[in-house]
Amino acid sequence: MSTRADSSMRLMRRGAIACGATFLLCFSIVPLYRIACEQVFGIRLDERAATPADAASMNPVMDRWVTVQFVANVNSGLAWQFAPDVVEMQVRPGVPTMASFTASNQAGMAIVGNAVPSVAPATSSKYFNKTECFCFTEQRLDPGETRPMPVRFIVDPALPPEVETLTLSYTFYRNEIATGRIAQASAAVEPESRKPRSARPSPHVSSG
């Protein structure tokens with residue numbers, strides 16, 4: 001009985017380890033899954049630009065303020081610096097607002113990144129409407145390049161009154177596929193630039 005119990009316990013442990021590993025793998029590839037959906041299949045997961053009609057339907061609420069906080073993160077595989085220009089601002093619901101982040105490529109090669117956004121509290125994310133955002137497309141930075149990353153948004157006046165603060169977070173991930181294409185293109189051009197120039201023919205000197 002003891003041997004059978006030990007065998008069952010080992011089997012349960014292996015199952016738990018396998019489940020945990022599967023969960024971690026799925027968690028780690030979420031950004032890649034999102035990038036694949038958006039860049040390859042054209043599917044934007046719960047992210048779309050608010051249309052002009054959406055914006056026009058929101059009447060400004062001038063007697064209310066909402067604090068919007070900004071957080072910037074960079075995945076460990078991306079050699080960029082990324083930060084908000086301001087860490088928070090006060091906005092009025094229904095009023096179009098712009099904020100800006102700054103990204104800088106610290107690597108010695110061109111890199112393409114994708115920003116994955118999130119809004120907290122999660123239950124209020126549907127009230128945060130982006131009209132323009134760098135997160136909608138892939139972003140390429142050349143070596144040493146620094147670029148502003150603006151985002152335009154509107155906080156929906158329907159945001160529940162008890163919600164006084166929203167946090168907009170971005171995490172930039174390296175887009176391996178797009179970055180690889182740049183590296184391949186550079187590698188193809190480099191041999192051409194290294195070809196020796198043909199020697200000029202010596203001027204013909206007449207003997208006569």
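Residues numbered from 1 in each chain as written. Predicted model: local features only at pLDDT ≥ 70, side-chain atom pairs only at ≥ 80, totals over all residues. Heavy atoms only, no water.

A. Quick peek at the packing of aromatic side chains. Applying the stated criterion across every chain, the model contains 11 aromatic pairs. Seen from their ring centres, Phe-134 and Phe-172 are 5.9 Å apart, and the 15° between their planes marks the pair as stacked. In this pair, Phe-134 sits in the loop between β6 (128-133) and β7 (139-141) while Phe-172 sits in strand β9 (residues 165-174), placing the two residues 38 residues apart along the sequence. You can call Phe-134 buried: its relative accessible area is 4%. Site record: aromatic cluster; members linked through ring pairs are Phe-70, Trp-80, Phe-82, Phe-101, Phe-128, Phe-134, Phe-153, Tyr-170 and Phe-172. (Phe/Tyr/Trp six-rings, centres within 6.5 Å; stacked < 30°, edge-to-face > 60°. Helix = DSSP H or I, 4+ residues; strand = E, 2+ residues; numbered from the N terminus. Buried < 20%, exposed > 50% of the residue type's maximum accessible area, 1.4 Å probe, protein only.)

B. Quick look at the side chain of Asn-129. Within the secondary structure, Asn-129 is located in strand β6. Beyond its immediate stretch of four places on either side in the chain, Asn-129 contacts Ala-50, Met-58, Arg-152, Phe-153, Ile-154 and Asp-156. (Contact = heavy atoms within 4.5 Å.)

C. The arrangement of unusual backbone geometry in detail. Looking along the chain, the bond that leaves Ala-120 and enters Pro-121 is cis, with omega of -5°. Looking at the secondary structure, you find Pro-121 in the loop between β5 (111-120) and β6.

D. Highlighting the state of the cysteines. A full pass over the atoms with the stated rule returns 1 disulfide. The residue that forms a disulfide with Cys-133 is Cys-135, at a sulfur-sulfur distance of 2.5 Å. For the disulfide bridge between Cys-133 and Cys-135, the dihedral angle about the S-S bond is near 130°, and by the sign convention the bridge is right-handed. When its relative accessible area of 12% is taken as the criterion, Cys-133 is described as buried. (Disulfide = S-S within 2.5 Å.)

E. Up close: the pattern of salt bridges. Applying the stated criterion across every chain yields a total of 4 salt bridges. Here Asp-142 ties to Arg-140 by a salt bridge, and the two come within 3.0 Å at their closest N and O atoms. The residue Glu-176 makes a salt bridge to Arg-174 at a minimum N-O spacing of 3.2 Å. Residue Arg-174 is classed as partly exposed on the basis of its relative accessible area of 22%. (Salt bridge = Lys/Arg side-chain N within 4 Å of Asp/Glu carboxyl O.)

F. Broad picture of the sheet that holds strand β1 (residues 66-74). Pairing is mixed in the open sheet, where 5 strands are placed in the order β3-β1-β9-β5-β7. Strand pairing shows two members of the sheet lacking a second neighbour, β3 (88-91) and β7, which therefore form its edges. Each adjacent strand pair in this sheet contributes to an overall mean axis angle of 30°, direction not counted. (Pairing = 2+ DSSP bridges. Axes fitted to C-alpha atoms, helices over the stretch in contact; angles between N-to-C directions.)

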